[in-house]
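An overview of the molecular structure
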Amino acid sequence: MKNSTLLFRSISVVILLAGSAHLASYASQSSNHTSGTDLEKNTISQFPEEKKQAIENEDRNNETSNASTNYYNEETDYIIGNWRVTYNSKEFRGAIVYTIKKEGNVFNAYTYQYEDESGNSERAKSTKTLVIKSFDGYKGKGIYTIEYKKQIYDIECAIDMVDENTFKLSYDYYGYSDVETWKRQ
Amino acid sequence: MIEFLSKQLDWVDVNYWFYLINDLSLLYIIIPFFVLELIRYAWQKRLNKNLVFDSIANIITFGAFLIIEIILGVLAVTKLYYWLYNNASLPHLELNWVTIISCIILADFAYYWEHRMMHRIGIGWATHTVHHSSPHFNMSVAYRFGPLDAIMPILFSLPLVMLGYDPILVLLSEVFVQVFQTLLHTEIIGKLTRPVEFIFNTPSHHRVHHGSNRQYWDKNYAGILIIWDRMLGTFEPEVETVKYGISEPLNSTNPIKVFFHGITRLFKKIAGIEGFKNKLLVLIKPPDWMPKN
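Residues numbered from 1 in each chain as written. Chains lettered and ligands numbered in written order. Predicted model: local features only at pLDDT ≥ 70, side-chain atom pairs only at ≥ 80, totals over all residues.

With an unreviewed UniProt entry as reference, chain A is termed DUF5640 domain-containing protein, source organism Aquimarina atlantica.

As for the overall build of chain B
Helices and strands together make up the secondary structure of chain B, namely 13 helices and zero strands. Helices and strands in chain B line up, N terminus first, as α-α-α-α-α-α-α-α-α-α-α-α-α. Computed over its C-alpha atoms, the radius of gyration of chain B comes to 20 Å, within 12% of the 19 Å expected for a compact globule of 293 residues. The dimensions of chain B, computed from C-alpha atoms along their principal axes, are 55 × 55 × 35 Å. Put simply, chain B has 293 residues, and 38% of those count as buried. When contacts within chain B are restricted to residue pairs at least 6 apart in sequence, those whose partners lie at least 24 apart make up 72%. (Helix = DSSP H or I, 4+ residues; strand = E, 2+ residues; numbered from the N terminus. Rg over C-alpha atoms; globule rule 2.2 N^0.38 Å. Buried ≥ 20, exposed ≤ 12 C-beta atoms within 10 Å, placed from the backbone. Contact = placed C-beta atoms within 7 Å.)

Quick word on the UniProt feature "signal peptide" (unreviewed entry) in chain A
UniProt's feature table lists "signal peptide" (unreviewed entry) at residues 1-23 of chain A, given in the numbering used throughout. For residues 1-23 of chain A, the end-to-end C-alpha separation is 32 Å, with 91% helix and 0% strand making up the annotated structure. (UniProt positions renumbered as here; feature names shortened; annotations may be inferred.)

Section: helix H8 (residues 167-182) of chain B
Residues and elements named next belong to chain B. Counted at 1.5 Å a residue, the expected span for H8 with its 16 residues is 22 Å, and the 23 Å between its end C-alpha atoms agrees. Regarding H8, the residues found buried are Pro167, Leu169, Val170, Leu171, Leu172, Ser173, Glu174, Phe176, Val177, Phe180 and Thr182. For H8, the secondary structure elements touched by its buried residues are helix H2 (11-23), helix H3 (25-43), helix H4 (49-87), helix H5 (97-120) and helix H7 (152-162). (Expected span 1.5 Å × (residues − 1).)

A look at the packing of H4(B) against helix H12 (residues 255-271) of chain B
Residue and element names in this part refer to chain B. Running from N to C, H4 and H12 cross one another at 60°; their axes reach a closest spacing of 8 Å. Regarding the angle of H4 to H12, the classification is oblique. As for the relative orientation of H4 and H12, their crossing is right-handed in sense. Between H4 and H12, the contacting residues are Ala57, Ile60, Thr61 and Ala64 on the first element and Pro255, Val258 and Phe259 on the second. Taken together, the residues of the contact of H4 with H12 sort by class into six nonpolar, one polar and no charged. (Axes fitted to C-alpha atoms, helices over the stretch in contact; angles between N-to-C directions. Parallel < 35°, antiparallel > 145°, perpendicular 65-115°, else oblique. Left-handed = near helix turned anticlockwise from the far one by under 90°. Nonpolar A, V, L, I, M, F, W, Y, C, P; charged D, E, K, R; others polar.)

Structural notes on the interface of chain A and chain B
In this assembly, 21 residues from chain A lie in contact with 23 residues from chain B. For the side of chain A that touches chain B, the elements supplying multiple residues, two or more each, are helix H1 (3-44) and strand S1 (81-88) of chain A. For the side of chain A that touches chain B, the element with the highest residue contribution is H1(A), accounting for 14 residues. Class assignment of the residues belonging to the side of chain A that touches chain B gives a composition of nine nonpolar, eight polar and four charged.

Written out as structure tokens, the structure reads:
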């Protein structure tokens, strides 16, 4: 069999299989994005009226500016990847690795791996923890999900890039505030 | 159906399924089947010292292969996989059934090409000849590996990571292909039904692959799907009774000799060839290649 035939048939197989996977993944992400927006709206309804208004305005702005921006945006999409955060609280000492993915017009962070103080690691259940609703490459805003005394809170947070491998995530929820340092893994 | 196939899955569940199939199959299929093969050898009065020592050598070569694999994995391979996944890959694929199934089929296709390369270039055959050098054909032969067998597959699995598949999923899929392959190393199962023989790699097709009969050389490279061989011109059905082994028999059950004989033969060949360029060409040209002069 000619080498060109082998090459053509092989490339066809790869395109067919990997293409199907990407199509399915894209379709699934689009539907997740729709349901994700519904979820976010439910979360927003728990906020005071002025905050709700601010976030909704921000959403509208994002929808306008980011319409059909699923392609790679060099200015912002470098945030995609794995990020490690070290915690040193009474409830948890160790680190959590998050995976930030671009889904539709937002960036979502999912828990990826837990590490204890001794460095032992365990794969985490992929849970959406952070929704970055706006991000210009330097600063961003979003909703951060935290667990405190077995209660789950969705709170507003701000993101400040220190450099391309580090950013600060800060939040202040009725006096409960913290700043986390996220380092690229 | 499409909704089911594209529904996002949990890593914990996927890992558990692969654990049941990849890891535990040794206990519930492979070892019981090997015992059955030993009983059959005894029944046919073929159970002799050579077969027992050959099987022990197979397991020892697997141990050596595993050590090399672990060292490589810890030192560099996983880091390289993740670096490519984070810096040089298509958008990352979600974990769903379409991703898993396509990853297994692509891992199988990558295995076909890796296997074909192992047979068709000098350095590949120097390590893979170990697997083919046994004059017997049973489940223990599936564990007979050469010293570089852990390195070659890396070249072919890296493109999968670059296509957006999670490195762990790629690794689990590759092990799945290997586990399927293991089950094919048996003389107990004859030919299966036509549709199965047409689509899947079966013990019959894999016996051909291990044959030293001239018409069986470099045929049936497939892992799970024999359609790759049918599609790429390397298929051969089992007609003549298969004689197992290689064209230059090893005649040894010494595990060290078994593990290194391919590399030793390659070095001897290189030493006997004149010219630096020719010595390099021995590594990448087909195993039977010799310079014209």
